[in-house]
Amino acid sequence: DAMVIQNPRYQVTQFGKPVTLSCSQTLNHNVMYWYQQKSSQAPKLLFHYYDKDFNNEADTPDNFQSRRPNTSFCFLDIRSPGLGDAAMYLCATSAAAGGLTEAFFGQGTRLTVV
Amino acid sequence: GENVEQHPSTLSVQEGDSAVIKCTYSDSASNYFPWYKQELGKRPQLIIDIRSNVGEKKDQRIAVTLNKTAKHFSLHITETQPEDSAVYFCAARPRQGGGGADGLTFGKGTHLIIQP
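This write-up is about the structure you can find in this document. Remember, it's a predicted structure, so these values are computed and weren't measured experimentally.

## Some thoughts on the overall build of chain A
Point 1. Within chain A, the regular secondary structure consists of zero helices and 11 strands.
Point 2. Ordered by position in the sequence, the α and β elements of chain A form the string β-β-β-β-β-β-β-β-β-β-β.
Point 3. In summary, chain A has a C-alpha radius of gyration of 13 Å against a globular reference of 13 Å for 114 residues, a match within 12%.
Point 4. In terms of principal-axis extent, the alpha carbons of chain A reach across some 40 × 30 × 30 Å.
Point 5. A separation threshold of at least 6 residues defines the contact pool for chain A, and within that pool the share at least 24 residues apart is 55%.
Point 6. When the accessible surface of chain A is split by element, carbon and sulfur atoms take 49% of a total near 5400 Å².
Point 7. Of note, chain A has its 9 positive side-chain charges centred 8 Å away from the centre of its 9 negative side-chain charges.

Below, the structure is given as structure tokens:
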């Protein structure tokens, strides 16, 4: 059974048109992460939530925002997508037990910007 | 912040031979080092991990070694099989005082090709 679920799997959006990607989890983990993975590159951390506390990476553009309305759900909002934002967006969760626990990844949402 | 270097970027080995992928990290406070396997178009999946209080860990054909002094860790796959072909990422997570929630810093990945 899927434990970290991302919807949709594929998203096409227009240049400059706001888009929201969603992630849900059945693991009841404290921490939810969003990573951006461009073609043939490593996943790059954008930000994470530890419970309700939002933690932004220093180099994450302001164009990217996130919301976590409850433990199970987390959203990635891209306010004005550019062509350079086309990528796979991966959501992950972990139990945050002193940093020594596995991160579980969702299947990802592949974003295309036209 | 943490910086993880991974080598080689591409590795081709004959089926049945061993494969070794190496990573170095910069932050001496890092205490968790997972390895992920990612097949084309799929999610990264954890294959093995090691914590900083352990020097070596083995799970069937897969082993990981950690040298904290030198700040490097390696993945060893023995008796390679065609289904081992994928991209492998190493990662590191710095130790945190507030519960350890910081995200992983990934290496750039190694494309492992198993030649039949």
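Structure's up, so let's keep going.
## Structural notes on the sheet that holds strand 7 (residues 64–67) of chain A
Residues and elements named next belong to chain A.
Point 1. On the basis of which strands lie adjacent, the open sheet formed by four strands has the order 1-3-8-7 and antiparallel pairing. A strand with exactly one partner marks an edge of an open sheet, and here the two such strands are strand 1 (4–7) and strand 7. Recorded for the sheet is a direction-independent mean angle of 20 degrees between the axes of neighbouring strands.

## A word on the pairing of strand 8 (residues 72–77) of chain B
Residue and element names in this part refer to chain B.
Point 1. As defined by bridge partners, strand 3 (residues 19–25) adjoins strand 8 across six bridges and the pair is classed as antiparallel. Opposite Ile21, over in strand 8, you have Leu75 as the bridge partner.
Point 2. Taking the residues that link successive antiparallel strands as the turn, the strand 7 (residues 62–67)-strand 8 hairpin has four residues, and the phi of Lys71 there is positive, at about 55 degrees.

## Observations concerning the interface of chain B and chain A
Point 1. Facing 22 residues of chain B, the contacting portion of chain A comprises 26 residues.
Point 2. Buried surface at the junction of chain B and chain A, both sides included, amounts to about 2000 Å², of which 50% is carbon and sulfur.
Point 3. Linking chain B with chain A are zero salt bridges, by the criterion used here.
Point 4. Joining chain B to chain A, the criterion identifies five residue pairs in polar contact (both at pLDDT 80 or more).
Point 5. Counting residues per element, the ones that place at least two in the side of chain B that touches chain A are strand 4 (30–38), strand 5 (45–51) and strand 9 (86–94) of chain B.
Point 6. In terms of residues, the side of chain B that touches chain A owes the most to one element, strand 4 of chain B, which gives four residues.
Point 7. In terms of residue class, the side of chain B that touches chain A is made up of eight nonpolar, eight polar and six charged.

## Focus: the nonpolar core
Point 1. In this structure, Trp35, Phe73, Leu75, Tyr88 and Leu112 of chain B are the most contacted members of the largest nonpolar core, which totals 24 residues.
Point 2. Not counting residues up to four positions away in its chain, the partners in contact with Phe73 of chain B are Ile21, Lys22, Cys23, Tyr25, Phe33, Trp35, Thr65, Leu66, Cys90 and Ala91 of chain B.
Point 3. Among the nonpolar cores identified, the runner-up in size contains 18 residues, and Leu46, Phe47, Leu76 and Ile78 of chain A belong to it.

## Digging into the state of the cysteines
Point 1. This structure, assessed with the given rule, holds two disulfides over all chains.
Point 2. A sulfur-sulfur distance of 2.0 Å marks the disulfide that ties Cys23 of chain A to Cys91 of chain A. Disulfide Cys23 of chain A to Cys91 of chain A: torsion about the S-S bond roughly -75 degrees, handedness left-handed. Linking Cys23 of chain A in strand 3 (residues 19–25) with Cys91 of chain A in strand 9 (residues 87–94), this pair joins segments that are 68 residues apart in sequence.
Point 3. Classification of Cys91 of chain A as buried rests on a relative accessible area of 0%.
Point 4. In this model Cys23 of chain B forms its disulfide with Cys90 of chain B; the gap between the sulfur atoms is 1.9 Å. Disulfide Cys23 of chain B-Cys90 of chain B: torsion about the S-S bond near -100 degrees, hence left-handed. Taken together, the residues Cys23 of chain B in strand 3 and Cys90 of chain B in strand 9 connect sequence positions 67 residues apart.
Point 5. Here Cys23 of chain B falls in the buried class, since its relative accessible area comes to 1%.
Point 6. There is no disulfide at Cys74 of chain A, and the cysteine sulfur nearest it, in Cys91 of chain A, is 6.0 Å away.

Each value, and the rule that gives it
Residues numbered from 1 in each chain as written. Chains lettered and ligands numbered in written order. Predicted model: local features only at pLDDT ≥ 70, side-chain atom pairs only at ≥ 80, totals over all residues. Heavy atoms only, no water. Helix = DSSP H or I, 4+ residues; strand = E, 2+ residues; numbered from the N terminus. Rg over C-alpha atoms; globule rule 2.2 N^0.38 Å. Contact = heavy atoms within 4.5 Å. Areas by Shrake-Rupley, 256 points an atom, 1.4 Å probe, with all protein chains shown as cover. Lys, Arg positive; Asp, Glu negative; His and termini not counted. Charge placed at Lys NZ, Arg CZ, Asp CG, Glu CD. Pairing = 2+ DSSP bridges. Axes fitted to C-alpha atoms, helices over the stretch in contact; angles between N-to-C directions. Buried area = accessible area lost by both parts, 1.4 Å probe. Salt bridge = Lys/Arg side-chain N within 4 Å of Asp/Glu carboxyl O. Polar contact = N/O pair within 3.5 Å; in protein donor to acceptor, adjacent residues only side chain to side chain. Nonpolar A, V, L, I, M, F, W, Y, C, P; charged D, E, K, R; others polar. Core = buried A, V, L, I, M, F, W, Y, C linked by side-chain atoms within 4.5 Å. Buried < 20%, exposed > 50% of the residue type's maximum accessible area, 1.4 Å probe, protein only. Disulfide = S-S within 2.5 Å.

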